[in-house]
Amino acid sequence: DNNIFSATIMSHYGTECTTYYCNKGWNEVISHLSPYSWANWGIAIGLGFSVVGAAWGIWLTGSSLVGAAVKAPRIRSKNLVSVIFCEATAIYGVILAIILLNKIGPPKDGYFSSTWNWGQFYFAGYSVFFSGCSVGFTNIASGISVGIAGSACALGDAQDDSLFVKILIVEIFASALGIFGIIVGIIQSNNAQFPVQ
Amino acid sequence: MSTVAAVMALGLGGMETFNMQHGFVEAVIRGFRSGFLQDDTYHHLSQCETLEDIKLNLQETDYGQMLSNDANITPPIIESKALQKLVTEFFFLRAQSVEPLSTFLDYITYEYMIENVMLLLRGTLSGRNVNELMSQCHPLGMFKESTMRNIPSFEASPRGYAELYETVLVDTPVGVYFQRYLDQTSARVTAASEVRNVLEEIQIEILKNSLMKLYLEDFYDFCSAMGGETAEIMCALLRARADRNAINITLNSFGTPLNDPLMRETHRKTLYPSIGNLYPEGTDLLIKVDDDSKLVQAMNYYPVYRSIFDRFTNSSPEEFSIDDEFYKQEVKLFELAFESQMHFGVFYAYVKLKEQEIRNLVWISECILQRRKDQVGNFIPIFSRTEASRKH
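This section reports on the structure supplied with the text. (Residues numbered from 1 in each chain as written. Chains lettered and ligands numbered in written order. Predicted model: local features only at pLDDT ≥ 70, side-chain atom pairs only at ≥ 80, totals over all residues. Heavy atoms only, no water.)

**Brief notes about the overall build of chain B**
On a plain count of helices and strands, chain B comes out with 19 helices and zero strands. Long-range pairs, those at least 24 residues apart, make up 66% of the contacts in chain B between residues at least 6 apart in sequence. (Helix = DSSP H or I, 4+ residues; strand = E, 2+ residues; numbered from the N terminus. Contact = heavy atoms within 4.5 Å.)

**So, the pattern of salt bridges**
Across all of its chains, the model carries 18 salt bridges over all chains by this definition. The salt bridge involving Lys71(A) is made with Asp62(B); its shortest N-O contact spans 3.4 Å. With Lys71(A) in helix H3 (residues 35-71) and Asp62(B) in the loop between helix H4 (51-59) and helix H5 (75-96), the pair connects residues from two separate chains. Notably, a salt bridge pairs Glu132(B) with Arg128(B), separated by 3.4 Å at the nearest N-O pair. (Salt bridge = Lys/Arg side-chain N within 4 Å of Asp/Glu carboxyl O.)

**Points about the nonpolar core**
With 126 residues, the main nonpolar core has Phe104(B), Phe178(B), Phe219(B) and Phe347(B) as its most contacted residues. Leaving out residues up to four positions away in the same chain, Phe347(B) has contacts with Val25(B), Glu26(B), Ile29(B), Leu93(B), Leu101(B), Phe104(B), Leu105(B) and Ile108(B). Counting 17 residues, the second-largest nonpolar core is a separate cluster that includes Trp116(A), Phe121(A), Val135(A) and Ala192(A). (Core = buried A, V, L, I, M, F, W, Y, C linked by side-chain atoms within 4.5 Å. Buried < 20%, exposed > 50% of the residue type's maximum accessible area, 1.4 Å probe, protein only.)

**Here we look at the interface of chain A and chain B**
On the chain B side, the residues contacting the 16 residues of chain A number 17 residues. Around 1500 Å² of area is buried between chain A and chain B when both sides are counted, 65% of it from carbon and sulfur atoms. For the interface between chain A and chain B, the tally reads one salt bridge. Seen at the junction of chain A and chain B, the total is eight residue pairs in polar contact (both at pLDDT 80 or more). At the level of secondary structure, the elements contributing two or more residues to the side of chain A that touches chain B comprise H3 and helix H6 (118-159) of chain A. For the side of chain A that touches chain B, the class distribution of residues is 10 nonpolar, five polar and one charged. (Buried area = accessible area lost by both parts, 1.4 Å probe. Polar contact = N/O pair within 3.5 Å; in protein donor to acceptor, adjacent residues only side chain to side chain. Nonpolar A, V, L, I, M, F, W, Y, C, P; charged D, E, K, R; others polar.)

**Concerning the state of the cysteines**
Put plainly, a disulfide is one covalent bond tying together the sulfur atoms of two cysteines. All names here are of chain B. For the structure shown, the criterion picks out zero disulfides over all chains. With no disulfide partner, Cys235 has as its closest neighbouring cysteine sulfur the one in Cys223, 5.7 Å distant. Free cysteine Cys367: the closest other cysteine sulfur is in Cys48, separated by 13 Å. (Disulfide = S-S within 2.5 Å.)

**Quick word on the environment of Ile368(B)**
Residue and element names in this part refer to chain B. Tracing the backbone through its elements, the reader meets Ile368 in helix H19 (residues 345-369). Overall, Ile368 belongs to the buried group, its relative accessible area being 2%. Along the backbone, Ile368 and Thr50 are 318 residues apart, and their C-alpha atoms lie at a distance of 6.5 Å. Setting aside residues up to four positions removed in sequence, Ile368 forms contacts with Leu45, Cys48, Glu49, Thr50, Ile54, Lys373 and Val376.

**Re unusual backbone geometry**
Here Glu99(B) and Pro100(B) are connected by a cis peptide whose omega angle stands at -10 degrees. Assignment of secondary structure puts Pro100(B) in the loop between H5 and helix H6 (101-125). Omega for the peptide link from Tyr279(B) to Pro280(B) comes to 0 degrees, which places this bond in the cis form. One non-glycine residue, Asp109(A), lies in positive phi territory at about 65 degrees.

**Notes on the packing of aromatic side chains**
Scanning the model with the defined rule gives 34 aromatic pairs over all chains in all. Aromatic pair Phe129(A) and Phe130(A): ring centres 4.7 Å apart, planes at 85 degrees, arrangement edge-to-face. Taking 5.6 Å as the distance between ring centres and 70 degrees as the angle between the ring planes, the aromatic pair formed by Phe36(B) and Tyr350(B) counts as edge-to-face. Linking Phe36(B) in the loop between helix H2 (18-33) and helix H3 (39-46) with Tyr350(B) in helix H19, this pair joins segments that are 314 residues apart in sequence. The pair Phe36(B) / Tyr350(B) is uniform in exposure class, with both members buried. Ring-pair connections join several aromatic residues into one group, and the members of that group are Phe18(B), Phe104(B), Tyr107(B), Tyr110(B), Tyr177(B), Tyr215(B), Phe219(B), Phe222(B), Phe334(B), Phe344(B), Phe347(B) and Tyr348(B). Taking the ring centre of Phe383(B) as reference, the NZ or CZ of Arg33(B) above it sits at 3.8 Å. (Phe/Tyr/Trp six-rings, centres within 6.5 Å; stacked < 30°, edge-to-face > 60°. Lys NZ or Arg CZ within 6 Å of the ring centre and 35° of its normal.)

In structure tokens form, the structure reads like this:
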């Protein structure tokens, strides 16, 4: 019959399994997770954690910025750059999510043909998932880091203008962490493409 | 203990979560930091000839128009107006804060509440008017007016204090310290010692120092429970404060009955706070001290206090008193509290530094009023860029 798993499982375990889902071990459980679910989880994690990191960073830096601007209103416009750096990590998440979701597609005619390319199928699923993880986890770290540095930047600028550019360099390094994530994520998912038949 | 539970529940937050609750308030107080008088302002102020010039100079600073409604300026007016500015800023911060910062800010005010209670109690001993006393109370530590009016009506004896606590102070935050003090003294009060402590001034001094000791220990426990950077910085500041209190108690007791060998062991020993670098070996040394030279000898073991006493003994009495030397050391510590971010120590340090600035202003205006221009430079600069100790 046509069930996708029977071919892989039966070939792996020989005659031990008599049904489709015989719970022979973790290998079976994990390989029973559909690559479509892996891929879509990857997009969710990539986008979700990036936005969490960006939001956390904006929360940290925005509260300090608002408070410091009470006594030093001149810092208002310049220090919005810190908020923009945080926002950039969310944008990396969106870019990667759009790239990844273009790789996913349902099989032609809605069923797996006998010549279905299982290898490419599984590869694409795992590749998209972990590429999303790369971006998500690096961006959450980058977002928090930019947030803390941005808060210090606002407070320092309020006391002494010459400090702004110097602390901004710290923030640039912090947001570079997010760039590492998206570069690796894109390379990781380059060859992934779900087969259509 | 409910405050400790509240702190545990909400948490202070490390670097990554502090700003969520307290970012705005901390940023505002750092903005207030730029309102401290600078070196050039102090320079202009010390060159003033009259108090009107001081008023003009202060108009350019963060103090602005605070003196504009006053026809003739006197140093007490300058002090009360500057204090009013500090109080306004403090209560603005208090209104914007959430737990555990709001409890922390309340703890800062308890010290002034204790001072006000002692002022009212002492005032009744000298038979002063209640209204006059209330106008002299520190604005950061005000109770409800009815509470404050009731305080002078009690007698200054252990029984009187017990009644005072049960009827008036039990609802106030400092009632806790009163209760603990009464518990401690009820164990020691006998008919004989009541007769011996007939000098009510000693009793008031002991009461004041005991309340301060209990307050400092409570504050210290609260800060340690919060953990993190706040605990590090605040505990260091409170330890320095406790040491200063211990040394001051010793110094002030010379020449009073508290200096008798018998009284030292029973009464003076109980006044030393149990936090602080001097506890326990240093306080044991201090118990045996009964004059200045022995005090300097005892403090020889502690480098910080040895250097303070060295400077004190080397300089003439006109230049700096021992209090000024302690203020200088404390100003250094409080300025250091501003060096790191995301902790509560800045709030405590700001209030104390602002108080020092008000003392500076009063000193300068008194010198100008009394035409003692030679001494006008004896204030302690705050966040000064040119101070000798900062040139490394």
